[in-house]
Structure formats: structure tokens, C-alpha cells
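Structural overview
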Amino acid sequence: MNNADAVLVRSVSIFTRLLLAVAGVSLANWVVAQDIEPRRWTSMPVGMDILGMGIAYTEGDISFDPVLRLSNATIEQSMAVVAYNHAFGILGKSARFDVAVQYKDALWEGLVDGVPDSADRTGPGDPRFRLSYNFIGAPALEGKAFRDYWVSHPVSTSVGAALALTLPLGDYHSEHLLNLGDHRYVLRPQLGVVHNRGPWSYELTGSVFFYSDNDNFFLDTKREQDPLYALQAHVVYSAPARWWVSIGGGHAAGGESTIDGVKKDDERKDWLYGISAGLPIGSRSSAKIAYVGRRSSEKVGVDSDTISMGYSISF
């Protein structure tokens, strides 16, 4: 971590350095943790593929326990994302496979023992794969049959399940507090309900994040983490001209960390809110812009703001 590593080497005890390791837990998870994404259960015509590219910028203030001797900490992160979606059918119901890869640039600044310090990281993040299946409603249809079905069903409800997997392939170095990857698997089962009423859609999604252990955590320690539970809801308006707008909110709780068998009393309690909009560009492409805010209700947490823009094309 350049200057930050030098400060840590000068620490007076292994105990203090182990406490500082909790900062690494917080930094990795608070910046990349829960998302708040509308239209994730929207069905697509069977056989459709969507390729998307986007950029996002996040800045936030991080609050650590005073005993960690880190204060006035901030995070700035820029991220480029490439995503691919494919729609298909399973037992007559619509399904989707999504994959997203990231490239990040993150800057951490703050005071360590009252001394200004910073760290900058650039590299790939952890890729995510997701398989979703609408087992109630949302039949698997192609082309004109798909359009005709939704025109004739202005009021409908669909229920879906999904499984997302994050792979530990991002940039990671165990000697650093700040990393772009997390060096562990994250398994996220989800359940979602969407009720459509004319141009309005009402979405509710519940998720659980299960984390594998990181046996190569900071300073050769072992990191474990309890499951994180998240719930989010969205209201979406879709216009006949194919533009749409959404507002949403969510809450996440849990995820207490354990370092070498010692619980760190760092359970997350985050509130999220956001607004997003999509605009068609021609018959096969569209643009999207979104804002997401996150606020912690705990004394240890992060308050962050993210704005993102994206472009996608279907084929």
C-alpha cells in the first residue's frame, strides 16, 4: 500500500495490526456490497441477447471504530462494467443468464494515527454470474407471440428465483488493506415478485449473501463472515415510447465478520435508495442513467453516493 504499508509496519504490536485488518473487511464490502437494481425480473423474448457497457463513480465517507486509529476516511471509486444477458426458456417459463465483469480504480484517503495517508488501486474486480427463472407467470415466448402476450395481459403477476455467484478473480493482495477483489466466493440466492398494472410495475426482491472463508486475509489471518440479508422494492413506470423511470429503496442487515475466531462486532445495517431511467436509441439500443445512495444506521459504516451511465444493444 506504499505509504500506508510503511505506517502499518511501524505499528507497535500485532494486536493493533489485527484490529486494522477490520478496516480491510469494511472497505471491501461497504464499497462493493449490496446493489439496488430495478427490472431484474423483467422477462425478455426467448433468444434475445443484450450486450451492455457502463461506467460508475462512487464517493463516500467511511466511519471506523475509534480504536482502529483510522479517521476522516474517504473512498472514491470509478468502475467500468461490461455485461451480457441471454434469454431462454425452462419448462415453458422465461429465464435469463447474466454475466458482468468489472475494471476499477479506487482511491482511499484518511488519517492513520493522525497522519495523512492514501492508497490507490487499479485493476479488475470480481466477476458475477446470475441465473434467474420466472416460475410463475412470464411464459417463454418469441418475437410477435411475446409482444401479443403482454399487450393482452396488462395486469399480471410473476414470481421468480435466481442464483448469483461472484468469483474471486479480481485484483487481490493479502498485504493490502484496500483491494479491488475480495478473494472469496459469494453465493446469493434471490426471490422476486413483480406485479404489472398497465404501464406500472411493482417489484420486491429478497436476497441472502453467503460468503466463503478467506484463508489468506490481511497479515495471514482467516476471515469469516455471517450471511447478509437484503430486501429491496421498486416502482417502475414504462411509457409506450419505450422509455422508463424507476424509484426504489432497500435495507440490508447482518454480515458480522470474524478474524481468526474473534468476532468483530461490525454487523451491517444499511439503507439504500435510488432512481434510474432508460431511454431508447433506435430500435435495438438504449441508454440508462442511475443514482444510488447508501446510508448506514450504525456508528461504523459508510455513507456513499453512486452515479452510473450505460449503453446496451440487443441482437
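Cut-offs used in this document
Residues numbered from 1 in each chain as written. Predicted model: local features only at pLDDT ≥ 70, side-chain atom pairs only at ≥ 80, totals over all residues. Heavy atoms only, no water. Patch = residues over 30% accessible without salt bridge, like charges linked within 9 Å, V, L, I, M, F, W, Y side chains within 5 Å. Areas by Shrake-Rupley, 256 points an atom, 1.4 Å probe, with all protein chains shown as cover. Salt bridge = Lys/Arg side-chain N within 4 Å of Asp/Glu carboxyl O. Helix = DSSP H or I, 4+ residues; strand = E, 2+ residues; numbered from the N terminus. Contact = heavy atoms within 4.5 Å. Phe/Tyr/Trp six-rings, centres within 6.5 Å; stacked < 30°, edge-to-face > 60°. Buried < 20%, exposed > 50% of the residue type's maximum accessible area, 1.4 Å probe, protein only.

**Here we look at a nonpolar patch on the surface**
- Residues Leu51, Met53, Val82, Val101, Ile281, Tyr311, Ile313 and Phe315 make up a contiguous nonpolar surface patch of roughly 660 Å² in combined accessible area.
- Elements represented by at least two residues in the nonpolar patch include exactly strand E1 (49-63) and strand E17 (301-314).
- Mapped onto the elements, Val82 comes out in strand E2 (residues 70-90).

**What to know about the environment of Pro38**
- Turning to its location among the elements, Pro38 is positioned in the loop between helix H2 (14-32) and E1.
- Here Pro38 is in contact with Glu203, His234, Val236, Trp244, Ser246 and Ser276, once residues within four sequence places are set aside.

**What about unusual backbone geometry?**
- Non-glycine residue Arg242 carries a positive phi angle of around 80°.
- Relative to the assigned elements, Arg242 resides in the loop between strand E11 (228-238) and strand E12 (244-254).
- Phi at Asp260 is positive, roughly 50°, even though this residue is not glycine.

**Considering the packing of aromatic side chains**
- Inspection of every chain in the model, using the stated rule, returns six aromatic pairs.
- A ring pair is formed by Tyr237 and Trp243, whose centres lie 5.7 Å apart and whose planes are at 55°; its orientation type is tilted.
- Take Tyr237: its relative accessible area is 23%, and that puts it in the partly exposed class.
- Between the aromatic rings of Tyr273 and Tyr291, the centroid separation amounts to 6.2 Å while the plane-to-plane angle is 50°, which identifies the pairing as tilted. Here the residue Tyr273 occupies a position in strand E15 (residues 268-281), and Tyr291 occupies one in strand E16 (residues 285-296), the gap between them amounting to 18 residues.
- Assessed through its relative accessible area of 34%, Tyr273 is described here as partly exposed.
- Classification of Tyr291 as partly exposed rests on a relative accessible area of 27%.

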